[in-house]
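Residue strings, one per chain:
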Amino acid sequence: MLTIGQLAGYVGVTTKTIRVYHAKGLLPEPERDASGYRRYSAEHAVDLIKIRTLAEAGVPLARIRELRSATGDEFRRALDRIDTDLAARIESLRATRGRLRQLADDRLPALPAEVTGVLEQFTRFGFSERWVALLRDLWLLVFATHPAAARAAFDDQAAMLTDPVQRELFLAYDRAYDLDPADPRLAELADGIVAATHARYGDDLPAYGDPAIPALVQGAVNASSPAWRQLDTLIRRRLGVR
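From a predicted model like this one, the values you see are computed outputs, not experimental measurements. (Residues numbered from 1 in each chain as written. Predicted model: local features only at pLDDT ≥ 70, side-chain atom pairs only at ≥ 80, totals over all residues. Heavy atoms only, no water.)

Chemist: What is the right way to read helix H12 (residues 226–239) from this model?
Modeler: Since one α-helical turn is 3.6 residues long, residues separated by three or four positions face the same way. With 14 residues, H12 should reach 20 Å at 1.5 Å per residue; the first-to-last C-alpha distance of 20 Å fits that figure. For H12, every residue scored as buried is listed here: Ala 227, Trp 228, Leu 231, Asp 232, Leu 234 and Ile 235. For H12, the arc enclosing every buried residue in end-on projection is 165°, short of the 170-degree limit, so these residues lie on one face. Just downstream of H12 lies Gly 240, where phi reads positive at about 75°. (Helix = DSSP H or I, 4+ residues; strand = E, 2+ residues; numbered from the N terminus. Expected span 1.5 Å × (residues − 1). Buried < 20%, exposed > 50% of the residue type's maximum accessible area, 1.4 Å probe, protein only. Arc of directions from axis to C-beta.)

As structure tokens, then:
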């Protein structure tokens, strides 16, 4: 029989962690012996190893508690899902390591040639150099930080160049850079953009698999101009999003 300190040492956790697992209902507390100490069995050690392994795989403690009562088949199916999620996280971490090595070598990944070509189209359609430079910097950042979802996000934005209505609206967005935030033309432009957005997407706004991308892009745009920031506020109000 083991004391709580011995159990913690054998399994590789702290006594505080074991007490947390007791409090969360993950690990049953043994009865105290005649000396007033709790003594743990080999079964407790096995249970604790299972809990630690699941926790290290990123499984929330509440989910681990649910799995304790799962049947054999349910438990195996849950482990298969956890394994799949863990494999995806490992691939993501490997990609992150690759980007870290690029940063250590003082080199950012270049934009794909197709992306550079689309940015050149923005110039030909009359967008300002300021707008194109902003987009180039933004997409360099997005492709560096969210490579798995960046292409879908960029392709969606690039598609608006083929739609005359969308293109004119975003040309107006570009030209609104120097407007006073109280200029009524911003409200009119917001109405047009919202109408075009609903016409294109309905009520399901795209997230590209990662909501951080539109937040990252729009945040940088808003920081560039008070008028653009006000325009984003007006658009969000009309769309009913934060």
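Chemist: Would you mind showing me how to read the environment of Arg 167 here?
Modeler: Of note, Arg 167 is situated in helix H9 (residues 164–175). Once the C-alpha coordinates of Arg 167 and Phe 127 are considered, the two residues, 40 residues apart in sequence, prove to be 9.7 Å apart. Every residue in contact with Arg 167, bar those within four places of it in the chain, is listed here: Phe 125, Phe 127, Met 160, Leu 161 and Thr 162. (Contact = heavy atoms within 4.5 Å.)

Chemist: What is the right way to read the confidence of the model for the chain from this model?
Modeler: Predicted coordinates in regions of low pLDDT should not be interpreted in detail. Considering every residue of the chain, the mean pLDDT works out to 85; 91% of them sit at 70 or more. When mean pLDDT is taken per element in the chain, helix H2 (residues 15–23) scores highest with 93 and helix H5 (residues 72–104) scores lowest with 79. (pLDDT = per-residue confidence, 0-100.)

Chemist: Help me understand the side chain of His 22 in this model?
Modeler: Along the chain, His 22 turns up in helix H2. At 2.8 Å, the side chain of His 22 forms a polar contact with the side chain of Tyr 40. When residues no more than four places from it in sequence are discounted, the contact partners of His 22 are Leu 27, Pro 28, Glu 29, Pro 30 and Tyr 40. (Polar contact = N/O pair within 3.5 Å; in protein donor to acceptor, adjacent residues only side chain to side chain.)

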